[in-house]
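# Structural features, examined
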Amino acid sequence: MDNFIFTSPTYFVFGKDTENKAGEMVKKFGGTKVLIHYGGGSAVKSGLIDRVKASLDKENIPYILLGGVQPNPRSGLVYEGIELCRKENIDFILAVGGGSAIDSSKAIAGGVLYDGDFWDHHSGKSVEKALPVGTVLTIAAAGSEGSGNTVITHENGMFKRGCRTDILRPKFSILNPELTCTLPPFQTACGITDIMAHLYERYLTNTKDVEVTDRLIEGLLLSVINEAPKVMKNPQDYNARANIMWAGTLAHNNVCGVGRTQDWTGHSIEHELSGLYDCAHGAGLAVTMPALFSYVLGHDVARFAQIAVRVWGCQMDFANPEITARKGIEALRQFLISIGMPKNFEELGAKEEDIPYLVDALCCGNGRPGYIEGFVKLDKNDCEKIYKLMV
Ligand code: NZQ
Ligand code: ZN
C-alpha cells in the first residue's frame, strides 16, 4: 500500500426531511449571505427550493437565487455566478441539485476569490482559496457532495475538464434519499452507472497489497448491484434509494481510493463524449467502461478475474483466467443494459466519424501531452481503438 493523507471534512446530514436543516447548517458554517445555485427546474417543481428558502428565512440568513445549471455545467453560468457573488457580497454558496449544480457552485466558489480566469483552475492551476460550499443533493451519482472535484464544460469548444482540490470539498452535504424519488428512470440508472464507474476506476490499480480498499470497493459494488434493480422496479423504495445514495458518496469521497494508484482514463474518455454530444455522463460511462476494460484487460488479467469472481460471481477458470476476466466485463455490460443504459455509440448519440476529433481532444486538448495515463498509459492509437470498440 502507498503512503497517503486523507481528509473528508464534509459534515453529512442524512435522512428524511433533512433539507429543512439547510439554514441551520449554513449558520453553523458561518454563512451570512447565500447564493442558492440550482439546475433546470426539478428542484423548483418539487418544492425543494421553497423548503430550502424557508429554512434560511428561519435563521434570518439572506439569499439570492441563480438557477439554470445545465447537465454538463457550462462555463458561461460560472462566469455569471462569479460576478453575481462579487456584486452581492455572497459569502456562502448552497448548491441544490446533482453533480452539475454542485460542480458549478464549486467552480464559482473558487473563481470569486481568484483574480484571473476561473478556467485556469481547470487547466492545472491550483485553487488557493474558495468560498465555502454546502449541498442539498437530489441525485445519487457524481459523488460531488463529498468530493473535492468540479467538472465544467467550456463553451468555447465544448470540452470538459476537471479540477480537484480538498479546498473545494463541501462544508456540509444534506442527503435526503426521498428527494431522489422524483428522478426519471434514465437518470436513476445514469447515477448508478457513475457510482459503479467511480468504484471501478479505483479498483484498477497498479499498487499491490491493497486488500482493505479492494474489499471496500467490492462491498459497495455488491450493494449497488443488489439495490439497483429494486429502485428501477420501484422508484419509491426508500431504503434502496438510501443505500444507493450513501454508496454514491462513499464511492467518490476517496475512502476507497487511498493508498493506491487509480485509473480515471475511463472518465477522461467519457468526458470527451459528454462534452461534445451533451449526453449524460453515466450513459457515456456505460458505453466507455466495457470497451476500455476489454482493451486494457491484458495489463492485469488477475485483477479483472478477481473482480469477476468476487463481484459478479463468475467461476474462476484457473487454466485460463482471461476467460473469467472477460466474463466479468460481459456481466458488467449486461447489468448496465438491464438498467436501461446505452450499449454503443449509436444508442448514445455519438458518431464514428468524430473519432479523430475525440482522440485529438482527449490526448492533446488543453495542453495534454499526446496521451492519457492511469491504469495503463494510452496514446492516440490506443484511444482510437477504444472509441472504435464502442461503435
Ligand atoms: O436540472 P434539473 O432540472 O435539476 O434536472 C436534473 C438533470 O436534468 C435531473 N435531476 C436531478 N435531480 C433530480 C432530477 N430530476 C428529477 N428529480 C430529481 N430529484 O437530473 C439531470 C442530471 O442532473 P446532474 O446534476 O447533471 O446529474 P449528475 O449528478 O449525474 O451530475 C453529472 C455531472 O457531474 C460530473 C459529470 O461529468 C457531469 O457533468 N461529475 C462530477 C464529479 C465530481 N464533481 O466529483 C465526478 C463525476 O465523475 C462526474 O464527472
Ligand atoms: Zn463520474
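Residues numbered from 1 in each chain as written. Chains lettered and ligands numbered in written order. Predicted model: local features only at pLDDT ≥ 70, side-chain atom pairs only at ≥ 80, totals over all residues. Heavy atoms only, no water.

## Digging into the coordination of the zinc ion (ligand 2)
The reference angle at a metal is 109.5 degrees if four donors form a tetrahedron and 90 or 180 degrees if six donors form an octahedron. Of the protein atoms, only D194 (OD), H198 (NE2), H267 (NE2) and H281 (NE2) coordinate the zinc ion (ligand 2), at distances of 2.0 to 2.2 Å. Linear spacing of the donor residues for the zinc ion (ligand 2) on their chain is D-x3-H-x68-H-x13-H. Residue H198 is found in helix α6 (residues 185-203), and its partner H267 is found in helix α9 (residues 265-277); the two are separated by 69 residues along the sequence. Residue H198 is classed as buried on the basis of its relative accessible area of 2%. (Donors = N, O, S within 2.8 Å, 3.2 Å for Na, K, Ca; no water. Helix = DSSP H or I, 4+ residues; strand = E, 2+ residues; numbered from the N terminus. Buried < 20%, exposed > 50% of the residue type's maximum accessible area, 1.4 Å probe, protein only.)

## Digging into the pairing of strand β3 (residues 63-66)
Side-chain alternation along β3 places I64 and L66 on a buried face and Y63 and L65 on a face that remains uncovered. Pairing of strand β2 (residues 34-38) with β3 involves four bridges; the strand directions are parallel. Looking at β3, one finds that L35 is bridged to I64. (Pairing = 2+ DSSP bridges.)

## Re the environment of E227
Looking at where E227 falls in the secondary structure, it is placed in helix α7 (residues 211-233). Overall, E227 belongs to the buried group, its relative accessible area being 9%. Taking the C-alpha atoms as reference points, E227 and C256, 29 residues apart in sequence, are found 19 Å from one another. Ignoring any residue separated from it by four or fewer positions in sequence, one finds E227 in contact with N239, A240, N243 and I244. (Contact = heavy atoms within 4.5 Å.)

## Quick notes on the layout of surface pockets
Empty space within the second largest pocket amounts to approximately 200 Å³. Forming the boundary of the second largest pocket are 15 residues, of which F4, I5, R164, N254 and V258 lie nearest the centre. Residue composition of the lining of the second largest pocket, by class: four nonpolar, six polar and five charged. (1 Å grid on protein atoms, 1.4 Å probe; cavity = no way out; pocket = protein on both sides within 12 Å on 5 of 7 lines; lining within 4 Å. Points joined across faces, edges and corners; volume = space filled by probe spheres on them. Nonpolar A, V, L, I, M, F, W, Y, C, P; charged D, E, K, R; others polar.)

## Re the nonpolar core
Core analysis: the biggest nonpolar cluster contains 72 residues, and M196, L273 and Y387 have the highest contact counts within it. Setting aside its immediate chain neighbours within four residues, Y387 contacts I269, E272, L273, F345, I355, L358, V359 and L362. Core analysis: the next-biggest nonpolar cluster, separate from the first, contains 23 residues, L35, W119, V127 and L131 among them. (Core = buried A, V, L, I, M, F, W, Y, C linked by side-chain atoms within 4.5 Å.)

## Examining the sheet that holds strand β1 (residues 11-14)
With respect to topology, six strands assemble into an open sheet ordered β1-β8-β5-β4-β2-β3, the strand pairing being parallel. The strands lining the two open edges of the sheet, one partner per strand, are β1 and β3. Strand-to-strand twist of the sheet, defined as the mean angle between neighbouring strand axes without regard to direction, takes the value 15°. For strand β4 (residues 92-97) and strand β5 (residues 133-137), the ladder comprises five bridges, and the chain directions are parallel. Bridge pairing in β5 links G97 to L137. Strand contacts of helix α5 (residues 99-112): β2, β4 and β5, with the helix running at about 165° to β4, the strand carrying the most contacts. Against the sheet, helix α8 (residues 238-252) contacts β1, β5 and β8 (172-175), and its axis sits at roughly 170° relative to β1. (Axes fitted to C-alpha atoms, helices over the stretch in contact; angles between N-to-C directions.)

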